[in-house]
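Structure at a glance
Given next are the chains, with one letter for each unit.
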Amino acid sequence: MAVEKLGTAEGAAQHRVTQGARKDRYALGGPAGLASGALQPEFAEHPSGSLVQKTGPSLLWLGAAVPWGCCLHRLAAPPTLLVSSAPTTLPSLFSVSDVPEGAENFGVSGSSGVKIFMVYDPARVTEPTGRAYWPLDASVEVVISVDAASKALNDLKVKISYFGQPARGALGHSVLYLTGADISLDADTGRTGNVKRSQADKERWRWGPEGYGAVLLVNCDRDSLRSVGTDLTDTQLASRDDLQDMSPVVLTCDAPDALFESYKLVLNVPPSDSKRMRVFCARGGNSLLDYEQVLGPQHLSYAVARQPGERKIGLYVEGLSFPDANFLGLVSLSVSLVDTKTLPEVPLFTDTVAFRVAPWIMTPNTQPPLELYVCSVLDSHGPNAQFLSDMSDLALKASCKLMICPRVENRNDRWIQDEMEFGYTEAPHKAFPVVFDSPRNRGLKDFPYKRILGPDFGYVTREIQSTGVSGLDSFGNLDVSPPVVVEGKEYPLGRILIGSCLPRSGGRRMAKVVRDFLGAQRVQAPLEVYSDWLSVGHVDEFLTFVPTSDQKGFRLLLASPSACLKLFQKKKEEGYGEAAQFDGLEHQVKRSINEMLADRRLRNDNLYAQRCIDWNREVLKRELGLTEHDIVDIPQLFSLKDAYAEAFFPDMVNMVVLGRHLGIPKPFGPLINGRCCLEEEVRSLLEPLGLHCTFIDDYLAYHKLLGEIHCGSNVRRKPFPFKWWHVVP
């Protein structure tokens, strides 16, 4: 037994926080018979409804601040008392005995395993020395803590002795018998990948590198081939692999078995959280049936079936939905110790763990490629076999796996970028890719669900309920920047770019349900840019990002009509005015440099296109913290059709980026000395940055259908090494 002083009330509060290593144990016990007479305590009613001692020393419960603190409640015979450090409201005070006549001082002692602390104001109380005792006429509090769970009921003891003046012999004693119980709900609040007893506030969730709080994965993959939908629709475990997609939680219930004859443990989730999470309880076997769903939709509470001698019970928690407009992503799980001897039953102690559901995260072009997806299609001019062969060669150079979606699965829909966006979700113990299926629902509509969804490959979608789907709802209209810093604000996972109309213009926008979903993830702060000036209306028609080996780490590429017109003017002045655009292409009228420069309508169309791109340029510089040095202008011409712009020749910015290897639409520019001047210009801009340019013919199969290589391909990339929970939104 140890007795320690805590000093002033202000100092005591600080000591309570630092002294206690855990906040989740408590003890049950009761006062024994008094050694000297039947003393009756005197109480006053506290505003909280608790009984507060009017005279003599008190045993104080410390609430959330102190682990192992003590809360004493008067119960029916045989008397038992609750000693608790559980977070709750106001402390309860209880006197173990009245003060014997003539008593002026007191002393306190405890059995092995019991620690005793004295809380007092040094301005009013002098710490006793030698054989002196604590005075009764001052505000002195006795704080009890226990080190471990009891082996048997009432195996711990605290004795308070009262003394007169001078202190010759004790005038009376009060003895408190305690039963220590270890009740705790623990998850990976430290974000290490393992469940550990936590000193942090488990009820709160904090962002940042110094933050804490547990993480839930949305169990949106399909681990069992026998399952029809995603795993989150299963109320019974379909595969043991599925447990890896859940967050483990340990319920500690270490106490004498006899204690649970009068008390029970109850798990709870708030009603609003029950549709966002599901809890399975492990009951010791290896069969799938040994994992029982105990909480989730329509299941708000569960009385724990603790077995005799059982000290720890395994729980597994899965998320059922990603953050969204009506869901901030926070859920909680609680365990309560409930007194079954009262009607209604009263919870005496509650321990709560908060979780944040892991977000869906996009990956930018600067992340290494893992898989390149393209579609096999058949048109009137034949199959796209040569395009597939060229893409296969490019994937081989980039050490990237090529995945070809056959016609039977794509139904001749080649725009695989528009159909889906690859991302991932991550918890400290596991990460897996998640495909986001767009609401466009054309020929490829079943491909993400039927062919991508599988073991450790998740699926999520958002459907448009009321208004129809527009072209801007396709995911060629989504991009994400590399990590950036904007006026000191860090975006370590980049920012999502969404093509939209001009502010307050009433033009085309991506569906609100998709925009809301992307914004609710909170870690990639979406930014709307102006793409409504384009016929298709996608951001990938005028911008992309490429990785570089310098300190910046990337460049923003912007389509540039002015750069193209300047290049053509330069070539004209060098004497190459008769060199023709589209030279070598069948079924396409050739246009010489002189003709294009003299075409007033084409020039006006591109002045308009340049103004639209310049508007975006300033927005991107401001919102991504870029300078002119970070931007590369890629020569490109547009032409207007019904007031919307289309690429005049294959749009080189609409490229696929596989690490340092770029698959760029072949522009079929004017040939000068046997070389395409547009290709040569792009090489001169990008190859000094350490990039390798491969120009691929996509003219008939893609460009003539108002798309290019990026529209007709999709890339799954490595997740960020940066952990999203370190973000400070």
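In short, a report on the structure. (Residues numbered from 1 in each chain as written. Predicted model: local features only at pLDDT ≥ 70, side-chain atom pairs only at ≥ 80, totals over all residues. Heavy atoms only, no water.)

1. Brief notes about helix 10 (residues 600–624)
- For helix 10, which comprises 25 residues, the first-to-last C-alpha distance of 35 Å matches the rise-based estimate of 36 Å (1.5 Å per residue) to within 8%.
- Residue Asp599 occupies the N-cap position of helix 10, its side-chain oxygen lying 3.1 Å from the main-chain nitrogen of Arg601. (Helix = DSSP H or I, 4+ residues; strand = E, 2+ residues; numbered from the N terminus. Expected span 1.5 Å × (residues − 1). Polar contact = N/O pair within 3.5 Å; in protein donor to acceptor, adjacent residues only side chain to side chain.)

2. Some thoughts on the packing of aromatic side chains
- Enumeration over the complete set of coordinates arrives at 24 aromatic pairs.
- Relative to Phe517, the ring of Phe322 lies with its centre 6.1 Å away and its plane at 80°, an arrangement referred to as edge-to-face. In this pair, Phe322 sits in the loop between strand 20 (312–319) and strand 21 (330–339) while Phe517 sits in helix 7 (residues 512–520), placing the two residues 195 residues apart along the sequence.
- On the accessibility criterion, Phe322 (3% relative accessible area) is buried.
- Judged by relative accessible area, which is 0%, Phe517 ranks as buried.
- Geometrically, the ring pair formed by Tyr530 and Trp615 is edge-to-face, given 6.0 Å between the ring centres and 80° between the ring planes. Separated by 85 residues along the polypeptide, Tyr530 in strand 35 (residues 527–530) and Trp615 in helix 10 bring together distant segments of the chain. (Phe/Tyr/Trp six-rings, centres within 6.5 Å; stacked < 30°, edge-to-face > 60°. Buried < 20%, exposed > 50% of the residue type's maximum accessible area, 1.4 Å probe, protein only.)

3. As for the environment of Leu478
- Here Leu478 shows up in strand 31 (residues 478–480).
- Classification of Leu478 by relative accessible area gives buried; the value is 2%.
- Beyond its immediate stretch of four places on either side in the chain, Leu478 contacts Met362, Glu421, Ile496, Leu497, Ile498, Met510, Leu518 and Val539. (Contact = heavy atoms within 4.5 Å.)

4. A few points about the environment of Tyr263
- Tracing the backbone shows Tyr263 in strand 16 (residues 263–268).
- In this structure the C-alpha to C-alpha distance between Tyr263 and Val338, which are 75 residues apart in sequence, comes to 5.5 Å.

5. Points about the packing of helix 8 (residues 561–573) against helix 10
- The interhelical angle for the contact between helix 8 and helix 10, taken along N-to-C directions, is 135°, at an axis separation of 8 Å. As far as their axial angle goes, helix 10 and helix 8 are oblique. Contact with helix 8, carried on its side by Pro561, Ser562 and Leu565, involves Arg603, Asn606, Ala609, Gln610 and Ile613 of helix 10 and no other residues of that element. (Axes fitted to C-alpha atoms, helices over the stretch in contact; angles between N-to-C directions. Parallel < 35°, antiparallel > 145°, perpendicular 65-115°, else oblique.)

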